[in-house]
Amino acid sequence: MNKTLPLIASLGALAAFPATAQEAAAPVEAAVAVSADVAYIFNTLLFLIGGFLVMWMAAGFAMLEAGLVRSKNVTTQLFKNISLFAIAGIMYWLIGYNLMYPGDWTVAGWIGEIFSPKSIDPVAGAVAGDDYSAGSDFFFQLMFCATTASIVSGTLAERVKLWPFLIFTVVLTGLIYPIEASWQWGGGWLSEIGFSDFAGSTLVHAAGGFAALAGAIVLGARTGKYRADGRQQPMPGSNLALATLGTFILWLGWFGFNGASQLAIGSINDAADVSRIFVNTNMAASGGAVAAIIVTQLLYGKIDLTMVLNGALAGLVSITAEPLTPTIFASILIGGTGGAIAVFVVPLLDKLKIDDVVGAIPVHLVAGIWGTMIVPATNPDTSYVTQAIGVLSIGAFVFLISLAVWTILKVTMGIRVSKEAEISGLDISEMGMEAYPDFVQAK
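Throughout what follows, the structure given in this document is the object of discussion. (Residues numbered from 1 in each chain as written. Predicted model: local features only at pLDDT ≥ 70, side-chain atom pairs only at ≥ 80, totals over all residues. Heavy atoms only, no water.)

### Digging into the overall build of the protein
Thinking step 1. Looking only at helices and strands, one finds 15 helices and zero strands in the protein.
Thinking step 2. Counting all 443 residues of the protein, 55% fall into the buried class.
Thinking step 3. Residue pairs at least 24 apart in sequence account for 78% of intrachain contacts in the protein once pairs closer than 6 positions are excluded.
Thinking step 4. Surface summary for the protein: the accessible area is close to 18200 Å², and the carbon and sulfur share equals 69%. (Helix = DSSP H or I, 4+ residues; strand = E, 2+ residues; numbered from the N terminus. Buried < 20%, exposed > 50% of the residue type's maximum accessible area, 1.4 Å probe, protein only. Contact = heavy atoms within 4.5 Å. Areas by Shrake-Rupley, 256 points an atom, 1.4 Å probe, with all protein chains shown as cover.)

Take a look at the structure:
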């Protein structure tokens, strides 16, 4: 049943926006109940399809970052993206999955199990009586863990040493992300107080952004980025075609990211909800891109493609906290506001001399916070107080632990390449190979 969406005149009216998913479309009642086996198969399939779509986002991050870094650093950036994905898989199996979904808590509601029989084979058993296979759940949740690490990679590009970055990835994917995610998705204390983050605007994206922010502060800016007279040196990326491709891949992967977070598609109502999540996810991305187009035109007199790409991604991050309950119009507003926020935060970071090569902090951290905080505007089962508690607690935990880890790495082994290596490029100094050897000037 369709209902006419109410018009709202401004963002301020969003808080009073009455049309949630439940109000905008009456629930579809199943005429015939499917068997438990059929529901199990469909639910498992949702996790598997959603999981490989989220895995495809790893390619999106790799292409986006390869396009936004300078050509002398592309190989290194590609290596970081494939290596962090592999490390995340092993660490999440070894430690993270038990921490995030504990059978028993080490510290009730706060820290899960570090080791248990699940560590040996988390996908064994758990078939009869469950709503989906244990293997599909493990696979899907692992993809989210890897995504968190991908966010850090782009911010610290072009000046971070490889081995310290990989060591930080071990800590992030094995300990930091699983612990804070368990507070909500593992039935921890945030879940108990009513915090809501449907697919991870804060638990995944803002968490990755906080880790990236801590690293950027400890690492410092690229050589020559900020001049003594207060001006900044533009350092354009090597390939905007790759960056655009990466954005489209991420946009596609987000349908699995948000859609499969419904966790079920074995009933008519669940199938209707998943389709609604797809629609809202897409419209939020559209709103973010269009908002970035308008804002960059007004601010700079010309449209900035990189800002538009990040505007679309910021729209996606913004809707991730609650992609089910908003109407289409509200989704566009939520995503559009996220896109505008990302555009305004980029120059703010430059004023603070925080060098974020790909704009991950505006997109994932700031837009993630926005998306989490606006959830109560469309979901009456949440409150602004509990949302703020969740954002602040997760932010403080991830940022402070990350800051400590980056500082320890800096003191013990150093995290930054030499000035000479940075100038010549990390592809030569760290990898010994180049992404574009045919374009190197003869020496």
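Now that the structure has been shown, the text picks up again.
### Concerning the nonpolar core
Here is a general trend for soluble globular proteins: nonpolar side chains tend to be buried in one another's company.
Thinking step 1. The biggest cluster of nonpolar side chains holds 54 residues, and the ones touching the most others in it are Tyr92, Tyr177, Trp254 and Phe257.
Thinking step 2. Once residues lying within four places of it in the same chain are set aside, the contact partners of Tyr177 are Tyr92, Met100, Phe144, Cys145, Thr148, Leu172, Trp185, Leu203 and Val204.
Thinking step 3. Leu213, Leu349, Ile354 and Leu365 belong to the second largest nonpolar core, which has 48 residues in total. (Core = buried A, V, L, I, M, F, W, Y, C linked by side-chain atoms within 4.5 Å.)

### Description of the packing of aromatic side chains
Thinking step 1. With the rule as written, the count across this model stands at 17 aromatic pairs.
Thinking step 2. Residues Tyr92 and Tyr97 carry aromatic rings whose centres are separated by 5.7 Å and whose planes lie at 55° to one another, so their mutual orientation is tilted.
Thinking step 3. A relative accessible area of 0% places Tyr92 in the buried class.
Thinking step 4. Classification of Tyr97 as buried rests on a relative accessible area of 7%.
Thinking step 5. Relative to Phe257, the ring of Phe144 has its centre 4.2 Å away and its plane inclined at 25°; by these criteria the two rings are stacked. With Phe144 in helix H4 (residues 134-155) and Phe257 in helix H8 (residues 240-259), this pair connects stretches of sequence that are 113 residues apart. For the pair Phe144 and Phe257, one class covers both residues: buried.
Thinking step 6. Chaining the aromatic ring pairs together yields one cluster made of Phe47, Tyr132, Phe140, Phe144, Trp185, Trp254 and Phe257. (Phe/Tyr/Trp six-rings, centres within 6.5 Å; stacked < 30°, edge-to-face > 60°.)

### Side note on the pattern of salt bridges
Thinking step 1. What the rule picks out here adds up to four salt bridges.
Thinking step 2. Of the charged contacts, one joins Asp355 and Arg222 as a salt bridge, the two residues approaching to 2.8 Å between their closest N and O atoms. Placement of the pair is Asp355 in the loop between helix H11 (328-351) and helix H12 (360-373) and Arg222 in the loop between helix H7 (201-219) and H8, with a sequence separation of 133 residues.
Thinking step 3. Looking at Asp355, the relative accessible area reads 1%, which means it is buried. (Salt bridge = Lys/Arg side-chain N within 4 Å of Asp/Glu carboxyl O.)

### What to know about H7
Thinking step 1. For H7, built from 19 residues, the straight-helix expectation of 27 Å at 1.5 Å per residue is met to within 8% by its first-to-last C-alpha distance of 25 Å.
Thinking step 2. For H7, the tally of buried residues reaches 18 of 19 residues, placing the bulk of the element in the interior.
Thinking step 3. Where H7 ends, the next residue or the one after it, Gly220, has phi of about 90°, a positive value. (Expected span 1.5 Å × (residues − 1).)

### Concerning a nonpolar patch on the surface
Thinking step 1. A cluster of nonpolar side chains, contributed by Val290, Ile293, Ile294, Leu298 and Ile303, occupies part of the molecular surface with about 470 Å² of accessible area.
Thinking step 2. By relative accessible area, Ile303 is classed as partly exposed at 48%. (Patch = residues over 30% accessible without salt bridge, like charges linked within 9 Å, V, L, I, M, F, W, Y side chains within 5 Å.)

### Re the side chain of Glu180
Thinking step 1. Looking at the element boundaries, Glu180 is found in helix H5 (residues 162-182).
Thinking step 2. Residue Glu180 is classed as buried on the basis of its relative accessible area, which comes to 0%.

### Points about unusual backbone geometry
Thinking step 1. Positive phi outside glycine occurs at Glu158, with the angle close to 75°.
Thinking step 2. Position of Glu158 among the secondary structure elements: in the loop between H4 and H5.
Thinking step 3. Take Glu158: its relative accessible area is 2%, and that puts it in the buried class.

### Some thoughts on helix H13 (residues 384-412)
Thinking step 1. The first and last C-alpha atoms of H13 sit 42 Å apart over 29 residues, in line with the 42 Å expected at 1.5 Å per residue.
Thinking step 2. If you follow the buried residues of H13, they end up packed against H4, H5, helix H6 (189-193), H7 and H12.
Thinking step 3. Gly414, located one to two residues past H13, shows a positive phi value of around 80°.

### Overview of the packing of H5 against H7
Thinking step 1. Running from N to C, H5 and H7 cross one another at 135°; their axes reach a closest spacing of 11 Å. By the angle class used here, H5 and H7 are oblique. Pair H5 / H7 crosses with right-handed handedness. Here Phe168, Leu172, Tyr177, Glu180 and Ala181 of H5 come into contact with H7, specifically with Leu203, Val204, Ala207 and Ala211.
Thinking step 2. Looking at side-chain class alone, the contact of H5 with H7 contains eight nonpolar, no polar and one charged residues. (Axes fitted to C-alpha atoms, helices over the stretch in contact; angles between N-to-C directions. Parallel < 35°, antiparallel > 145°, perpendicular 65-115°, else oblique. Left-handed = near helix turned anticlockwise from the far one by under 90°. Nonpolar A, V, L, I, M, F, W, Y, C, P; charged D, E, K, R; others polar.)

### A word on the environment of Gly50
Thinking step 1. As for its position among the elements, Gly50 is in helix H2 (residues 36-68).
Thinking step 2. Residue Gly50 is classed as buried on the basis of its relative accessible area of 4%.
Thinking step 3. The sequence separation of Gly50 and Gly253 amounts to 203 residues, and the corresponding C-alpha distance is 8.1 Å.

### As for the environment of Thr296
Thinking step 1. Within the secondary structure, Thr296 is located in helix H9 (residues 268-300).
Thinking step 2. Each C-alpha atom, one on Thr296 and one on Val308, is 8.3 Å from the other, the two residues being twelve residues apart in sequence.
Thinking step 3. Once residues lying within four places of it in the same chain are set aside, the contact partners of Thr296 are Gly301, Lys302, Ile303, Asp304, Met307 and Val343.
Thinking step 4. Among the polar contacts made by the side chain of Thr296, one reaches the main-chain carbonyl oxygen of Ala292 at a distance of 2.7 Å. (Polar contact = N/O pair within 3.5 Å; in protein donor to acceptor, adjacent residues only side chain to side chain.)

### Structural notes on the side chain of Ser133
Thinking step 1. One can find Ser133 in the loop between helix H3 (74-100) and H4.
Thinking step 2. By relative accessible area, which is 16% here, Ser133 ends up buried.
Thinking step 3. The contacts of Ser133, once residues within four sequence positions are left out, are Tyr40 and Thr44.

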